[in-house]
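Working through the structure, step by step
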Amino acid sequence: MKMGTALIYDEEMTKYKLLWVDPVCKIEVPERLIVSYEALVKSGLADRCVSIPVREATDAEILLAHSEEYLEAVKKTPFMHLEELMTFTQKYGDVYFHPNIYHCAKLAVGATLQLVDNVMTGKVRNGMALVRPPGHHSQSSAANGFCVFNNVAIAAQYAKKHHKAKRVLIVDWDVHHGQGVQYCFEDDPSVLYFSWHRYEHQSFWPNLKESDFDSVGSGKGAGFNVNVPWNKVGMGNSDYLAVFFHVLLPVAYEFSPDLVFICAGFDSAIGDPEGHMSATPDIFAHLTHLLMNLADGKVCAVLEGGYNLTSLAQSVCQTVQTLLGDPAPRPAQLGGACESALESIHSARSIHKKYWSCLQHAAAPFPEEPSSKNRRPAQQGGSQGPEGDAGGDAQREEEKVEEKEEEEIVWPEPLRRVAPSLRSALLLPDAVECPDGCARFSPAHGPGPLERARLRKSYLKESEDEASVTLLYNLTALLGQMEKNEIRNGLALVPDVSMAATLLTSASLSKRVLLVWMGEGPVPSQIIEDEKTLVVHINSMEPHEAQSKYYIPIPLKKGCGDTAGVMQAVLGLLLPLGYQYEPGLVLLARLPGYQVEGGLWQQLTCLLQGLALGHTLVLLQENETAPVGITASCLLGNAALSLGPLVAPGPEDVGSFERLRLRLQTDWPLLQTTAPEKR
Ligand SMILES: CC(O)(O)CCCCCNCCCN
Ligand SMILES: [Zn+2]
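Residues numbered from 1 in each chain as written. Chains lettered and ligands numbered in written order. Predicted model: local features only at pLDDT ≥ 70, side-chain atom pairs only at ≥ 80, totals over all residues. Heavy atoms only, no water.

This part takes up the overall build of the protein. Helix and strand content of the protein: 20 helices and 16 strands. Taking the principal axes of its C-alpha atoms as reference, the protein extends roughly 90 × 50 × 45 Å. Counting all 679 residues of the protein, 65% fall into the buried class. Taking all contacts inside the protein whose residues are at least 6 apart in sequence as the whole, residues at least 24 apart take part in 77%. (Helix = DSSP H or I, 4+ residues; strand = E, 2+ residues; numbered from the N terminus. Buried < 20%, exposed > 50% of the residue type's maximum accessible area, 1.4 Å probe, protein only. Contact = heavy atoms within 4.5 Å.)

What follows is the structure, encoded as structure tokens:
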């Protein structure tokens, strides 16, 4: 599998700036690129990337998303003097021109196309293009919102035309709606455009009706445009993850793209003068991680906005460090999405219910109220903030009248993310070959007589089986090295998965262990009773009341081999639970006889690594060596194989998921998908 992360940047793109007074445009400064690149260099991340040179886009490439007359008009700007530039600028909104901006705009497109070429030909796995001017607002015949050419829209067309991409996903996490991208692919079912954006019931720029959740695309493109409007500011980490788990990821996996673009705008981060959101830079590590197992890992992140030079630089580093495969940071205390975010999530899921089978259990869209569609009565807005907030990040309500002067907002610097020297250690019987890249685990020293006696007494019922004693000892040694962050993750082939899991949960020093129990066997009661272990059990057993808050059986009629059903359970239940639980260790136990398709098992193994600083320990039944290779590949950081378009999960499973969600969401608010009053 391809590794390597491309970084595409050229300081030439810093060589244009605003030449006159314009309060709207003054935030789009060259320093945005300079601080971002310098932060990548200073942190050592730039050196770990594959540096790819930029190039100028050709006319033909620009014409993939723009009209000839627009291109011809922009071509004249390098020869204009100040007054002419100002007059030319007046033709468009919230954008400025400069004698060198046409050159830089061609480089921004060219940089993006270089990234696409290197990813699509497998020279690198993924990458980031640090560009300006940004692109997602520019339209066929118009510059707009600091954008001249639509970098990502052109690149998506280019990938379809020159790299035979069949399905392209564009995830726009910039805080503004990339209407230019939406217009470009309005009726195109091969490009799925997802955008969240500050909207405030159309009162925020660009104040477009078509930025609302009910713009779903048209004609054959209906369903392939997903808008999640933020109707309040102050959205935070929990809101962002809730949208990924309950809107974007289920649809993205059903769509199954063969290339993913991120319109990586970081004005959705805390401290930004445009966004006024409260999500912290480390959240972009998780958002990036959650996209990296789509399209066999082919992810192209392209810079859009981001105007707080501190959170911009931190967020760029968080994104690139995840593209490089470093462990994701611990997410800050997550709660549920706030009430306003839940309304937006509910609206998006409802309106898209008819297009995506993964949303079939979403409540039907409420009938169109002609006048006050989804407009909250005035008295509920205002400064008291969302009442009945479902917890989660505290909403910071902006003064409705005018935006307060930028008070100094501070947030903690993201913690260093240290990758252990050894990535994957495997505990295998000598007869089983150790896959390339992994290390066969052997503890520094063997168990002493006391240790042997203790293990024998506690787990082996005094049996004289010395090999099992040694194995159990080695398991606890492996666990110990993971908890000291000397080893990142591991895999063990054990004679008895239940006994091994029981040993590890009781031996684990982590304050919390997430145990993912895959298969039909019962979970040992000792583990279920253990308060510091959250057990999520995916099986085909009949649904029954969960014994406790910490034992969650997820029944699948068609069993664990049901790809759509398992992915639904993973994205909509297991991951939200895991992120909220914030374990120090993730145990993935595969029970004997568990029949599952390779790609699905890989998705599970990869996605879980976003938790517990990547400390994932996989337990496999000794005589089932088939999954060792594909599991090791994922533990080493390779992307999971793409599953292909997902079919609908079984209706009875959908029903039991929904009942499970409704029952659990009080204890686990990140499971919520609808605002309280709508339930
Ligand atoms: C790439 C980008 O989406 O960040 C560009 C945003 C342009 C914002 C125009 N200003 C609107 C004034 C409202 N405060
Ligand atoms: Zn923006």
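Reading across from one edge, 10-9-11-16-15-12-13-14 is the order of the eight strands in this open sheet, with parallel pairing throughout. What marks the edges here is a single partner per strand, and that holds for strand 10 (439-440) and strand 14 (551-555). Against the sheet, helix 14 (residues 466-483) contacts strand 9 (422-427), strand 11 (487-494), strand 15 (585-590) and strand 16 (616-621), and its axis sits at roughly 165° relative to strand 11. (Pairing = 2+ DSSP bridges. Axes fitted to C-alpha atoms, helices over the stretch in contact; angles between N-to-C directions.)

We now examine the pairing of strand 3 (residues 126-129). Where a strand is regular, its side chains alternate between the two sheet faces. Both faces of strand 3 are covered, namely the face carrying Asn126 and Met128 and the face carrying Gly127 and Ala129. Relative to strand 3, strand 1 (residues 5-8) runs parallel, the two being bridged by four bridges. What sits directly across from Leu7, in strand 3, is Met128. Across three bridges, the pairing between strand 3 and strand 8 (residues 299-303) is parallel. From the neighbouring strand, Ala129 faces strand 8, where its bridge partner is Val302.

With that out of the way, let us pick up the environment of Gly234. Tracing the sequence through the fold places Gly234 in the loop between strand 6 (225-230) and helix 9 (237-255). Looking at Gly234, the relative accessible area reads 0%, which means it is buried. Measuring from C-alpha to C-alpha, the distance between Gly234 and Gly275 comes to 8.4 Å, with 41 residues separating the pair along the chain.

The full count for this structure, using the stated rule, is zero disulfides. Just so you know, Cys317 is unpaired, no disulfide at all, and the nearest cysteine sulfur is the one on Cys49, 9.9 Å from it. Free of any disulfide, Cys634 has its nearest cysteine sulfur in Cys606, 3.3 Å distant. A relative accessible area of 1% means that Cys634 is categorised as buried. (Disulfide = S-S within 2.5 Å.)

Within the protein, the zinc ion (ligand 2) binds to Asp174 (OD), Asp174 (OD), His176 (ND1) and Asp267 (OD); these donor distances fall in the range 2.0 to 2.7 Å. If you list the donors of the zinc ion (ligand 2) from N- to C-terminus, the spacing comes out as D-x1-H-x90-D. Separated by 93 residues along the polypeptide, Asp174 in the loop between strand 4 (168-172) and helix 8 (179-184) and Asp267 in the loop between strand 7 (259-264) and helix 10 (283-291) bring together distant segments of the chain. (Donors = N, O, S within 2.8 Å, 3.2 Å for Na, K, Ca; no water.)

One finds Phe149 and Ile170 to be the most contacted residues of the largest nonpolar core, which totals 191 residues. In terms of domain composition, this core takes at least three residues from each of domain 1 (7-232 + 257-327) and domain 2 (484-671). Residues Val469, Leu471, Ala500 and Val523 belong to the second largest nonpolar core, which totals 36 residues. (Core = buried A, V, L, I, M, F, W, Y, C linked by side-chain atoms within 4.5 Å. Domains from an automatic or database assignment.)

Around ligand 1, the surrounding shell holds 14 residues, and the nearest of these are His136, His137, Asp267, Glu274 and Tyr307. The separation between an oxygen atom of ligand 1 and a polar side-chain atom of Asp174 is 3.2 Å. Contact with the protein chains hides 88% of the accessible area of ligand 1, taken as 430 Å² for the molecule alone. Residues belonging to the shell around ligand 1 are distributed by class as follows: five nonpolar, five polar and four charged. (Near = heavy atom within 4 Å. Polar contact = N/O pair within 3.5 Å; in protein donor to acceptor, adjacent residues only side chain to side chain. Areas by Shrake-Rupley, 256 points an atom, 1.4 Å probe, with all protein chains shown as cover. Nonpolar A, V, L, I, M, F, W, Y, C, P; charged D, E, K, R; others polar.)

Before going further, it helps to examine the sheet that holds strand 3. Across the sheet, which stays open at both edges, the eight strands sit in the order 2-1-3-8-7-4-5-6 with parallel pairing between neighbours. The open sheet has two edge strands with one neighbour each: strand 2 (50-52) and strand 6. Direction aside, neighbouring strands of the sheet carry axes that sit 15° apart on average. With five bridges connecting them, strand 4 and strand 7 associate as parallel partners. Within strand 7, the position partnered with Val171 by the bridge is Ile262.

On to the domain arrangement of the protein, then. In terms of domain boundaries, the protein breaks down into domain 1 (7-232 + 257-327) and domain 2 (484-671). Look at where the C-alpha atoms of domain 1 and domain 2 centre, and you get two points 36 Å apart. Of the residues lining the interface, 12 residues belong to domain 1; the matching set on domain 2 comes to 16 residues. For the pair domain 1 and domain 2, the summed buried area comes to about 1,100 Å², and 49% of that belongs to carbon and sulfur atoms. It is His289, Asn293 and Asp296 that lose the most area in domain 1 upon contact with domain 2, and together they represent 46% of the buried surface on that side. Summed over the shared surface of domain 1 and domain 2, the result is zero salt bridges. Counting across the interface, domain 1 meets domain 2 through eight residue pairs in polar contact (both at pLDDT 80 or more). In terms of residue class, the side of domain 1 that touches domain 2 is made up of three nonpolar, five polar and four charged. (Buried area = accessible area lost by both parts, 1.4 Å probe. Salt bridge = Lys/Arg side-chain N within 4 Å of Asp/Glu carboxyl O.)

Attention now goes to the environment of His103. Note that His103 resides in helix 6 (residues 101-120). For His103, a relative accessible area of 25% puts it in the partly exposed group. Separated by 50 residues in sequence, His103 and Ala153 have C-alpha atoms that sit 18 Å apart. Once you skip the residues sitting within four places of it in the chain, His103 turns out to touch Glu12 and Glu56.

Scanning the model with the defined rule gives 14 salt bridges in all. Lys106 is the partner of Glu56 in a salt bridge, and the nearest nitrogen-oxygen pair spans 3.3 Å. Here Lys106 lies in helix 6 and Glu56 lies in the loop between strand 2 and helix 3 (59-62), a separation of 50 residues in the sequence. On the accessibility criterion, Glu56 (36% relative accessible area) is partly exposed. Linking Arg661 and Glu658 is a salt bridge whose minimum nitrogen-to-oxygen distance equals 3.3 Å. Placement of both Arg661 and Glu658 in helix 20 (residues 651-664) is noted, with a separation of three residues, approximately one turn of the helix. Each of Glu28, Arg32 and Arg132 takes part in a single network of salt bridges with overlapping partners.

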